[in-house]
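Working through the structure, step by step
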Amino acid sequence: MDAELLELQRQFEFAQQAKSSIRLSDRNVVELVQKLQELHIIDFDLLHTVSGKEYITPEHLRHEMAVEINKLGRVSVIDLADVTGVDLYHVEKQAQQVVSENPGLMLIQGEIISESYWDNVAEEINERLQECSQIALAELATQLNVGSEFVASMLEARLGTLVKGRLEGGQLYTPAYVARVTAMVRGAARGITVPTNLSVLWGTLQQLLHEMDGASGVTVESSFFQSIFNGLVKESKVIGSLRAGVHWTPTVFATAQKECIDSLFSQNSFISYDTLNKLGISQPVQFLQSRYPEGIPMITAFAHPSLIEMLDAAVEDAIERGSWIGSLSILPASFGSQDAAKILSLCPSVQSALKGNKALILGESYVFSCGFVKSIYDCMEKEMDAFSLSGSSGGVLSDDSNLVKEVKVRNDFSKSSEISNSGNEKKKKKGKSTGIKTAESIPDDDDYIPTKSKRNQRKGKNVSSNQVSDAKAGAKKDSAKEDNLNVPSEEWVMQKILSVVPDFEEQGIEDLEMILRPLSNYMRPMLINYLKERRKALFTENTEKMKRLLDNLQKRLDEAFLNMQLYEKALDLFEDDQSTSVILHRHLLRTIAASIADMLFHNLDMHNKLKNGTEVEESQSSEPITLNSAERTALAKNFPGSLAKKALAVGEALEGKRVEVFMTSLREMAEESGLLLKKLDKKLERSLLHSYRKDLSAQVSAETDPITLLPKVVSLLYIQIHSKALQAPGRAISNAVSRLKDKLDDSAYKILTDYQTATVTLLSLVSAATGDEEDCTSDRILSKREFLENLMPALKGLVLNASQS
């Protein structure tokens, strides 16, 4: 066999060395190869080399590539193209097939790498790892010129075999170092007894390692600690529960936590959610419901059913006794009103009482029996009667029906005024409807009378002060709130409840408002409705009184205003004497005008009270009402709307110096209040003057006091001479007498002036009387009085004879 092979080799060598007689050029060879391919004699692929002088088959190219890869272990495709002399396109194409046919090879980033190469690299990495305890994957990837992910996958396949270490968080550690860190993590985890965030623990361990190893120490990532910790938990070497990957709760803490909760719940029959939050339970309701299915979740705590039984028994007893109970006094101190309300809603006795209208819950935590509330309300009704009838109830109780009634009253009043006006002439003939007040019948600072009736003044002052106090208490400004009702406030109701039930304060309730305000809010609407009905009833009762009041006021106002117009005409006689004119104007304003204003103010105030539903007693006294300036202002401010402005203007006019200003203000106020003011015509003026003259003549004839006779005589003379009803105070009598000089004969005028002079002298002696000279002065006074008494018949005859004629 060996001899045959040697023979064949010899023949092959001979054939090679033999020189051919026929030589082919490169072109002929190319053409020949092409022809053979066309004839399918060559039925396989041929590849040109880069030089173009050689043909190579793909199989041979792959063979050469495999030889080069086996020799180097890692070679780039570009280098293979240079070595084989074949174009890069064909090398890349065949490289993919070489790698796919050989599982020990891989193509990475244009490089073909064999597994043996990685084994060698892994051995080198292991040697280096054992020297420095730690190597970063990023560093290896840079050195090997591959990606970190690929390095990690390569090392993971060889960990424990070629590479003795552990790969965590982009770092490669030796087993010894891993064991050391594992021991630290295990010790730290076992030392934890309360819920802990592991991130804080890993930071502490990193700082500890840095202190132990110094600047050359290995940098350990938190993920490495976490991975070791997860392994310890999985192997049950560290016992506890891990939430969200970083929140660690050791079993020892969970056990103590549950034992503490069980102890608190069993001892107190409740546990607050705050307590569970402090114990580290973030969802206390779900935790307690799963642990105690029979419990009751509330707003701030979790309760045992025994609390309901205890509260139910106490509430049932309070309802049966017709009393009340505050559930918070029975429940634990940490419970709030909302907790109490929920527990009360679960009490069978409360459910039954509410359904049967035997009790009600106020302020979320207080249970009142309906009988107890009714007893308080009955007492409060009496208080409301007093509230409704007292001066403090000055609110307006007007609705549509009341407005209709008011309009009807005004219409009836207007009609009655027209009828009374048409019948004035008949009444005047009888002398009953028109009684003109003389100057001496009305108090005046400037009057001749030296001694004033203090008793009458005091009496008038008391009457007026009482009226004003009623007006101040009974009148309030109109308010748009609560339908213009003056209703009791919450505070007022609370005070009255406390006075009716002093037990609330005696039982030492810390915050009385917690019980009084809900009860007040419950009762106040009922009290307001009662007050409305009560005031409506009073308004109905007052309707007839209002009509009578307005009718009487209109009649009295007609009479007084006609007289006022009559007196006003006499002022024209003194317009040329400014000083006397001012005295007469002011005198008329302070007497007749003030009387009219006081009558109007007083009656309109009573009408306002009646309209507002206040019970007002009708005065049976015929004495005129006398008010001072402050009292008029107080009443005026209490009038509704624009009437208050008109009334204030009347009050200001009384303090002025012109009667016509007062008359204008009075007309505006009367028009605003719906009253009519009759205008004095010629016919009425003659009738009034006749009546006034007749009345004065009767007074002069019957007068026995020499001092009071003079003003009456002067007034009667002015009627006889000027047909004017003069109202003159003491300071104006002298000027009034002097203006009669040209109207009387000399003897009559002398009698009048002598009498006036003697009267002035007598009044001066009375005013100047002192203790030391009392006897002497008394004689002179008596002498002067005798003179006047002797002269009285002549003075009376002076005017009476003229009246008769």
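Under an unreviewed UniProt entry, the name given to the protein is E3 UFM1-protein ligase 1 homolog, and the organism recorded is Manihot esculenta. Checking UniProt for the protein, the heading Sequence similarities (unreviewed entry) contains the comment "Belongs to the UFL1 family."

1. Side note on the packing of helix H25 (residues 513-570) against helix H29 (residues 659-673)
Running from N to C, H25 and H29 cross one another at 155°; their axes reach a closest spacing of 11 Å. Classified by the angle their axes make, H25 and H29 are roughly antiparallel. Of the two elements, H25 crosses H29, and the hand of that crossing is left-handed. Seen from H25, the contacting residues are Phe-561, Met-564, Gln-565 and Glu-568; seen from H29, they are Val-659, Glu-660, Phe-662, Met-663, Leu-666 and Arg-667.

2. Focus on the nonpolar core
Met-564, Phe-662, Met-669 and Leu-752 are the most contacted members of the largest nonpolar core, which has 83 residues in total. Here this core gets 13 residues from one element, more than from any other, and that element is helix H26 (residues 578-611). When we break this core down by domain, the ones giving at least three residues each are domain 4 (528-616 + 623-680) and domain 5 (683-804). Look past the residues within four positions of Leu-752 in its chain and what remains in contact with it is Leu-710, Val-713, Leu-717, Val-737, Leu-740, Leu-744 and Leu-795. Core analysis: the next-biggest nonpolar cluster, separate from the first, contains 26 residues, Trp-324, Met-494, Phe-504 and Leu-527 among them.

3. Re the sheet that holds strand E11 (residues 247-250)
The strand order across the open sheet built from three strands is E9-E11-E10, with neighbouring strands paired in antiparallel fashion. For this open sheet the edge positions go to strand E9 (196-197) and strand E10 (240-243), each flanked by a neighbour on one side alone. The sheet contact formed by E10 and E11 spans four bridges and is antiparallel. Residue pairing for E11: Ser-241 is matched across the bridge by Thr-249. Helix H12 (residues 251-268) contacts E10 and E11 of the sheet and is inclined by roughly 65° relative to E11.

4. A closer look at the UniProt feature "coiled-coil region" (unreviewed entry) in the protein
Those residues carrying the UniProt feature "coiled-coil region" (unreviewed entry) are residues 536-570 in this numbering. Along residues 536-570 the backbone is 100% helical and 0% strand, and the end-to-end C-alpha distance reaches 49 Å.

5. Concerning the environment of Pro-793
Within the secondary structure layout, Pro-793 lies in helix H34 (residues 774-804). Sequence-wise, Pro-793 and Ser-701 are 92 residues apart; in three dimensions their C-alpha atoms are separated by 9.4 Å.

6. Comments concerning the packing of aromatic side chains
The relative placement of two aromatic rings is captured by the distance of their centres and the angle of their planes. Overall, the coordinates contain 12 aromatic pairs when judged by the stated rule. An aromatic cluster is defined as three or more aromatic residues linked by ring pairs; in this entry it consists of Trp-324, Tyr-366, Phe-368 and Phe-372.

7. As for the pattern of salt bridges
Under the criterion given, the structure shown has 15 salt bridges. The salt bridge partner of Glu-660 is Arg-658, with a shortest N-O separation of 2.7 Å. Judged by relative accessible area, Arg-658 falls into the partly exposed class, the value being 27%. When salt bridges that share partners are traced, they join Glu-490, Glu-491 and Arg-517 into one network.

Conventions we followed
Residues numbered from 1 in each chain as written. Predicted model: local features only at pLDDT ≥ 70, side-chain atom pairs only at ≥ 80, totals over all residues. Heavy atoms only, no water. UniProt positions renumbered as here; feature names shortened; annotations may be inferred. Axes fitted to C-alpha atoms, helices over the stretch in contact; angles between N-to-C directions. Helix = DSSP H or I, 4+ residues; strand = E, 2+ residues; numbered from the N terminus. Parallel < 35°, antiparallel > 145°, perpendicular 65-115°, else oblique. Left-handed = near helix turned anticlockwise from the far one by under 90°. Contact = heavy atoms within 4.5 Å. Core = buried A, V, L, I, M, F, W, Y, C linked by side-chain atoms within 4.5 Å. Buried < 20%, exposed > 50% of the residue type's maximum accessible area, 1.4 Å probe, protein only. Domains from an automatic or database assignment. Pairing = 2+ DSSP bridges. Phe/Tyr/Trp six-rings, centres within 6.5 Å; stacked < 30°, edge-to-face > 60°. Salt bridge = Lys/Arg side-chain N within 4 Å of Asp/Glu carboxyl O.

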